[in-house]
Amino acid sequence: MTDNQKGLLFAHTAAVLFGLTGILGALIQTDAALITLGRSTFAFISLFVAGLLFKISMTKGITRRLIFSLIFSGILLSIHWTTFFYSIKIGGVAMATLGFASFPAFITLIERFVLHDKVSKTSWVLVLAVMVGLVLVSPDFDFKNSNTEGLLWGIFSGFSFACLAVVNRTMGNQINPVVISFWQNLVVAISTLPLLFFANLTMTTTDLFWLAILGIICTALSHYFFVSSVQFISARTTGLIIALEPVYAIVVAWLLFNEEPTLKMIIGGALIIGAAVYPSKKH
């Protein structure tokens, strides 16, 4: 299997597992900050156990520069998760995932204006398509509307995820993906602790069960595949594949929670997801 094939396989696996995140976020009836803390805690513990089983040192190869990158990427991951779950609580799964799906456009902007990569005219057209799609998805421009607010938080979640994808790429293959995932999730858990002073700490046994699934399967395992993918393929390609996540999430949310999308939302969502998938399909 070539490096490109490995990267694509890891990215698609991560996309499937990420697709379940929004559903579990809706099923867990507790505060977004507490979900983020619980998710990251289950994740870094399971990754630590995996490191022991596979004899992976969690400190080997970590330099001062990598420490800064790991802390920064962990904070970005914390922001991404917290805003995503908050978006779900306010606007529902569809609004949150469609807002999040805008992140490939942000990756393009970051690669152009921050990394100074060359971006084709087609990429700019696709960025415009994402913007039009977001306008169509939004029910109205009333910021007091819960769906609009949920969409905006979802977009912010997508922006932080785009930054995370680019930072993960800069770390390259210097250290094991399990080590990267472990430290990022540990940083998320630590950075989320102060938010608990403002959160509702109520949690049921069912919530704890779904939180364990979210942390171990949809976080530790999916995060490993995500970090591994950007070591073999570009952050943009990984982002394009993971942009398919809303398709799975919206369909399941429709079936489970009766969140039926409107025709306008479907058209807007098709523009967003289509703009994300087109370059990958062409490649």
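In this text the structure is predicted, and so the values were computed from the model without any measurement.

### Brief notes about the nonpolar core
The biggest cluster of nonpolar side chains holds 63 residues, and the ones touching the most others in it are F85, F161, L214, F226 and I242. Setting aside anything within four residues of it in sequence, one finds F226 in contact with A14, F18, F161, L164, A165, N168, T238 and I242. Residues A105, L126, L134 and I273 belong to the second largest nonpolar core, which totals 18 residues.

### Observations regarding the environment of V178
For V178, the position within the fold is in helix α8 (residues 177-192). For V178, a relative accessible area of 10% translates into the label buried. Excluding anything up to four places from it in sequence, V178 contacts L47, I56, M58 and Y224.

### Comments concerning empty space enclosed by the protein
Counting across every chain of the model gives 2 cavities of 30 Å³ or more. One number sums up the size of the second largest cavity: a volume of about 80 Å³. Within the residue set of the lining of the second largest cavity, elements represented by two or more residues are α1 (3-27) and α3 (64-91). It is α3 that provides the largest number of residues to the lining of the second largest cavity, a total of 3 residues. Of the residues belonging to the lining of the second largest cavity, the class tally is 5 nonpolar, 2 polar and 2 charged.

### Examining the packing of helix α5 (residues 103-113) against helix α6 (residues 121-137)
The N-to-C vectors of α5 and α6 enclose an angle of 140°; their axes lie 9 Å apart at closest approach. Between α5 and α6, the angle is such that the two are oblique. As α5 runs across α6, the sense of the crossing is left-handed. Taking contact as the criterion, the partners of A105, T108, L109, R112 and F113 in α5 are, on α6, S123, W124, V127 and V130. By residue class, the composition of the contact of α5 with α6 is 6 nonpolar, 2 polar and 1 charged.

Conventions and cut-offs
- Within each chain, residue numbers correspond to sequence positions counted from 1 in written order.
- Given that the model is predicted, a residue must reach a pLDDT of at least 70 before its local features are reported, and side-chain atom pairs must reach 80 or more before they are shown or counted; all residues, however, enter totals for whole chains, interfaces and linings.
- Just so you know, side-chain values use all the structure's heavy atoms and leave hydrogens and water out.
- Take the buried Ala, Val, Leu, Ile, Met, Phe, Trp, Tyr and Cys residues and link them wherever side-chain atoms come within 4.5 Å; each set so joined is a nonpolar core.
- Accessible area is worked out with a 1.4 Å probe on protein chains only. A residue is then buried under 20% of its type maximum, exposed over 50%, and partly exposed in between.
- Note on contacts: a residue pair is in contact if any heavy atoms of the two residues lie within 4.5 Å.
- Strands here mean DSSP runs of E at least two residues long; helices mean DSSP runs of H or I at least four residues long; both are numbered from the N terminus.
- In this analysis the probe radius is 1.4 Å and the grid spacing 1 Å, with only protein atoms considered; a cavity is a set of points the probe fits into but cannot get out of, a pocket is an open set with protein on both sides within 12 Å along at least five of seven lines, and lining residues have an atom within 4 Å of a point.
- Grid points are joined across faces, edges and corners, and a volume is the space filled by probe spheres set on the points.
- The nonpolar class holds Ala, Val, Leu, Ile, Met, Phe, Trp, Tyr, Cys and Pro. Asp, Glu, Lys and Arg form the charged class, and all remaining residues, Gly among them, are polar.
- Only the stretch in contact is used when a helix axis is fitted, and all axes are lines through C-alpha atoms; the angle between N-to-C directions ranges over 0 to 180 degrees.
- Orientation is classified from the angle alone, with under 35 degrees giving roughly parallel, over 145 giving roughly antiparallel, 65 to 115 giving roughly perpendicular, and any other angle giving oblique.
- What makes a crossing left-handed is the near helix being turned counterclockwise from the far one by less than a right angle; a clockwise turn instead makes it right-handed.

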